[in-house]
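# Coordinate analysis (summary)
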Amino acid sequence: MELHEVPRNSRIKVIGDVKVPPGAPQIKAGDELNFRSIDGMYSYCTTDTGEVVHLVAWAEVEIVND
């Protein structure tokens, strides 16, 4: 599913189309993130260490059930 279809505050695993804004921390396929919300064409996500990352809203992801 595409990221913009995921409910807010979900844990996700990145599957594909890994694009981030210029100068932003890199994300790779297989990374698990805490998805917070969509802001324009990018998302607001955090890593387990609290780092903020911005994945494109159309990225292919899956919801991870803990």
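See above for the structure.
Residues numbered from 1 in each chain as written. Predicted model: local features only at pLDDT ≥ 70, side-chain atom pairs only at ≥ 80, totals over all residues. Heavy atoms only, no water.

### Side note on the environment of leucine 3
Residue position: leucine 3 is located in the segment before strand E1 (10–16). You can call leucine 3 buried: its relative accessible area is 0%. When the C-alpha atoms of leucine 3 and leucine 55 are compared, they prove to be 8.5 Å apart, with 52 residues separating the residues in sequence. Discounting residues that sit within four places of it in the chain, leucine 3 has contacts with Ile12, Phe35, Ile38, Ser43, Leu55, Val56, Ala57, Trp58, Ala59 and Val61. (Helix = DSSP H or I, 4+ residues; strand = E, 2+ residues; numbered from the N terminus. Buried < 20%, exposed > 50% of the residue type's maximum accessible area, 1.4 Å probe, protein only. Contact = heavy atoms within 4.5 Å.)

### A word on the nonpolar core
Ranked by size, the top nonpolar core spans 15 residues in total, and within it Leu3, Ile12, Ile27, Leu33 and Leu55 carry the most contacts. Every element with two or more residues in this core is listed here: E1 and strand E2 (32–39). In contact with isoleucine 27, other than residues within four places in its own chain, are Val14, Val18, Val20, Leu33, Val53, His54 and Leu55. (Core = buried A, V, L, I, M, F, W, Y, C linked by side-chain atoms within 4.5 Å.)

### Quick notes on the sheet that holds strand E5 (residues 60–63)
Taken in spatial order, the five strands line up as E4-E3-E2-E1-E5 in an open sheet, and their pairing is antiparallel. Single-partner strands in this sheet number two, and they are strand E4 (52–53) and E5. Across two bridges, the pairing between strand E3 (residues 42–46) and E4 is antiparallel. By the bridge assignment, cysteine 45 is partnered in E4 with valine 53. (Pairing = 2+ DSSP bridges.)

### As for the pattern of salt bridges
The tally for this structure, following the rule as stated, stands at three salt bridges. One salt bridge connects glutamate 32 with arginine 11, and the closest N-O pair in it is separated by 3.1 Å. Taken as a pair, glutamate 32 in strand E2 and arginine 11 in strand E1 lie far apart in primary sequence, 21 residues in all. You can call glutamate 32 partly exposed: its relative accessible area is 33%. Taking the shortest distance from any N to any O, the salt bridge between aspartate 48 and arginine 11 comes out at 2.8 Å. One end of the pair, aspartate 48, is in the loop between E3 and E4; the other, arginine 11, is in strand E1, with 37 residues separating them in the sequence. Three or more residues are tied together by salt bridges with common partners; here these are Arg11, Glu32 and Asp48. (Salt bridge = Lys/Arg side-chain N within 4 Å of Asp/Glu carboxyl O.)

The values are spatial; any link to function lies outside them.
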